[in-house]
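Chain by chain, the residues:
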Amino acid sequence: MLQGVELDPEGLTVTVPEPVHLMEGVFSELHSVVSEVGIPVTATHFDLQEEMLWMGNHRGHATSYFGPTMGRHSSFQVHATDDIRHVQSLETGVLFLSKSNLKCYTRGGLVMFDYPMEEGADMHSLLMTDNNTLLMGGLQNYVVEVDLNTVQETQKFTVETPGVAIMRQTSRFFFCGHTSGKVTLRDLRTFKTENEFDAFSGSLSDFDVHGNLLAACGFSSRGLNGLACDRFLMVYDLRMMRAVTPLQVHVDPLFLRFIPTYTSRLVIISQTGQCQFCEPTGLANVADIFHINTVGQLLMSFDVSSSKQALAFGDSGGCVHLWSDVPEVSFNDYSRETDFPLPCLVDTLPQLDWNHDLLPLSLIPMPLTSTEPLLSDWPAALSTSSPRRAPPVDPEILRTMKTVGFIGYAPNPRTRPRNQVPYKIKDVELDYDNYNQVPESPIGRDEEPHLCMVPKKYRKVTIKFSKLGLEDFDFKHYNRTLFAGLEPHIPNAYCNCMIQVLYFVEPIRCLVQNHLCQKEFCLACELGFLFHMLDLSRGDPCQ
């Protein structure tokens with residue numbers, strides 16, 4: 001069945017024997033992979049945030065593939081028995097819709113939430129209306145609106161014609177495609193029917209909306225012969241709300257999408273793997289038909305990337321086919337970086353220089369075992385629990401407080417200065433005054449009466465200069481470490497904390513220290529010079 005296709009030892013990846021040469025502007029196959037042999041791929045979806053392609057199969061298993069080479073990124077079981085019918089990517093995870101529930105997973109496969117449906121529900125379609133709200137429809141006579149923040153049902157809209165199989169959205173309407181062959185246009189706020197197109201007499205297969213045009217494909221009733229695939233695409237003008245000339249195509253359409261690049265062309269897909277491109281208001285050309293190598297299998301799912309550069313097909317044999325019209329394909333215009341699992345660090349521990357002053361010992365991970373005690377484990381006889389007592393509420397606040405519901409509101413009595421330490425218990429105050437956290441200056445300083453309000457370890461140290469200036473001041477009296485400080489009395493001293501944080505971020509420090517340019521005012525040059533001084537200071541303050 002898989003002629004001309006090789007499987008790797010794990011039976012996962014299809015390798016094309018000859019190299020793939022893409023012609024600019026013409027869609028051709030870029031890569032193909034096998035997820036599970038013989039298990040139909042029921043849903044495909046291009047990730048809207050990252051360069052990934054998602055697929056879900058008939059047994060409830062989901063797999064993601066990274067980039068145009070389609071390397072496997074993650075694979076996990078979503079549902080034990082039901083098939084995956086719709087996949088939708090979010091900023092923080094991926095939604096998977098099955099017959100009876102909606103699940104959200106991280107891109108690595110961890111469950112974020114599981115939302116079960118009502119008994120008897122048979123869901124088929126999902127539509128994101130904004131970042132936090134979605135609609136779900138199926139064969140029942142209602143559409144459910146769910147808030148993703150609370151994972152709760154917010155509204156339930158009753159539909160006159162049951163069987164909402166496909167949903168689309170524009171700035172004017174919600175579009176619902178029904179299994180009866182109708183397409184209804186609904187209000188964005190109330191979900192009431194504004195207009196209705198009776199597209200096909202049998203059943204609706206797929207439809208899409210772009211600009212002022214709606215195109216649909218489906219099945220027509222042939223009396224006693226049952227349903228037959230209609231080779232006429234129904235095209236509707238949304239400005240006049242009426243049908244225009246139907247578009248006759250040369251394949252049996254099962255899927256269709258608008259690919260608005262330089263023109264608003266349509267791509268029509270048949271279940272046997274034929275793919276045709278045509279203009280919605282023109283004539284279809286037989287020369288624009290391409291064939292997808294499904295090795296005799298039927299196509300079950302189809303999706304177009306947001307950049308319109310890639311097409312994905314899933315067939316009944318478990319294969320996913322990636323097509324593109326550019327050699328360097330990207331699924332999104334602006335994709336964020338994809339997180340990959342970190343390699344095991346136990347076998348590749350770094351060699352550490354114990355003579356280095358700034359060596360972080362945390363580079364070697366310590367395994368936590370339940371048998372060996374830690375140095376910080378004090379015996380119960382030598383330790384007591386000492387909970388911090390909450391300070392009593394000011395009586396003035398209790399006197400002026402007004403209660404609204406279960407919340408009390410009171411004006412600030414102004415009995416405590418700003419930024420004062422709130423936990424002022426009598427015995428703790430004595431400890432603050434007796435324990436000299438900041439040593440007195442060897443040259444001496446005038447005692448300021450307001451400093452008694454602030455604990456000594458938070459007080460500002462004022463340098464008293466002698467005739468020799470800074471050379472006569474002993475900074476080692478205040479800083480006995482090798483970490484350099486920054487002078488706080490210059491105009492830009494408010495940046496000192498952030499500059500010291502940046503200094504200890506090694507990639508930033510190495511970047512600015514290797515930077516050199518000819519600009520007169522360059523922050524990278526200034527930071528590089530300052531970081532060089534901090535490296536050489538050995539504890540002395542820098543400016």
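Scroll up a little and you will see the structure.
For clarity, every value in this text was computed on a predicted model and none was experimentally measured. (Residues numbered from 1 in each chain as written. Predicted model: local features only at pLDDT ≥ 70, side-chain atom pairs only at ≥ 80, totals over all residues. Heavy atoms only, no water.)

Residues and numbers for the overall build of the chain, please.
Along its length, the chain carries 5 helices and 34 strands. Counting only residues that meet the buried cut, the chain has 38% of its 543 residues in that class. Sequence separation of 24 or more characterises 42% of the internal contacts of the chain that already satisfy a separation of 6 or more. If you sum the accessible surface of the chain, you get close to 32,900 Å²; carbon and sulfur atoms cover 55% of it. (Helix = DSSP H or I, 4+ residues; strand = E, 2+ residues; numbered from the N terminus. Buried < 20%, exposed > 50% of the residue type's maximum accessible area, 1.4 Å probe, protein only. Contact = heavy atoms within 4.5 Å. Areas by Shrake-Rupley, 256 points an atom, 1.4 Å probe, with all protein chains shown as cover.)

Please provide a residue-by-residue account of the sheet that holds strand 5 (residues 52-57), values included.
Overall, antiparallel pairing links the 4 strands, which are arranged 4-5-6-7 in an open sheet. Edge positions in the open sheet fall to strand 4 (41-46) and strand 7 (71-77), since each of these has one partner strand only. In this sheet, neighbouring strand axes are inclined to one another by 20 degrees on average, regardless of whether the strands run parallel or antiparallel. Sheet topology note: the strand 6 (residues 61-66)/strand 7 ladder contains 6 bridges and is antiparallel. Bridge assignment links tyrosine 65 to a residue of strand 7, and that residue is arginine 72. (Pairing = 2+ DSSP bridges. Axes fitted to C-alpha atoms, helices over the stretch in contact; angles between N-to-C directions.)

Lay out the nonpolar core with the relevant residues and their values.
Counting residues in each nonpolar core, the largest one holds 19 residues, and the members touching the most others are Leu95, Leu102, Phe113, Tyr115, Met117, Leu134 and Met136. Secondary structure elements with two or more residues in this core: strand 9 (94-97), strand 10 (101-105), strand 11 (111-116), strand 12 (123-128), strand 13 (133-138) and strand 14 (142-147). Excluding its chain neighbours within four sequence positions, the residues that come into contact with leucine 102 are Leu95, Phe96, Leu97, Phe113, Asp114, Tyr115, Met117, Leu126, Leu134 and Met136. Formed by 16 residues, the second largest nonpolar core is a distinct cluster that contains Phe200, Phe207, Ala216 and Met234. (Core = buried A, V, L, I, M, F, W, Y, C linked by side-chain atoms within 4.5 Å.)

Before we move on, could you go through the environment of arginine 257 and cite the residues and values that matter?
Tracing the sequence through the fold places arginine 257 in strand 26 (residues 253-260). Residues in contact with arginine 257, not counting those within four places in the same chain, are Arg168, Asp206, Asp208, Arg265, Leu266, Val267, Phe302 and Val304.

Please give an account of the packing of helix 3 (residues 496-503) against helix 5 (residues 523-537) that cites residues and values.
The contact between helix 3 and helix 5 brings their axes to 11 Å, and the two run at 75 degrees. Overall, the two elements helix 3 and helix 5 adopt an arrangement that is roughly perpendicular. Residue-level inspection shows Ile499, Leu502 and Tyr503 of helix 3 in contact with helix 5, the latter providing Leu527, Leu530, Phe531, Leu534 and Asp535. Tallied by class, residues from the contact of helix 3 with helix 5 come to 7 nonpolar, no polar and 1 charged. (Parallel < 35°, antiparallel > 145°, perpendicular 65-115°, else oblique. Nonpolar A, V, L, I, M, F, W, Y, C, P; charged D, E, K, R; others polar.)

Outline the pairing of strand 19 (residues 193-198), listing residues and values.
Of the strand pairs in this sheet, strand 18 (residues 182-187) and strand 19 are connected by 5 bridges, and their pairing is antiparallel. Bridging from a neighbouring strand, lysine 182 pairs with aspartate 198 of strand 19. Between strand 18 and strand 19, which pair antiparallel in sequence order, lie 5 residues; one of them, phenylalanine 191, sits at a positive phi of approximately 65 degrees.

How would you sum up the packing of helix 4 (residues 506-513) against helix 5? Please name residues and give values.
It is the contact of helix 4 with helix 5, at a shortest axis distance of 8 Å, that shows an interaxial angle of 110 degrees. Comparing the axis directions of helix 4 and helix 5 gives the class roughly perpendicular. Contact residues: helix 4 offers Arg509, Val512 and Gln513, while helix 5 offers Ala524, Leu527, Gly528, Phe531, His532 and Asp535. A class-by-class count of the residues in the contact of helix 4 with helix 5 yields 4 nonpolar, 3 polar and 2 charged.

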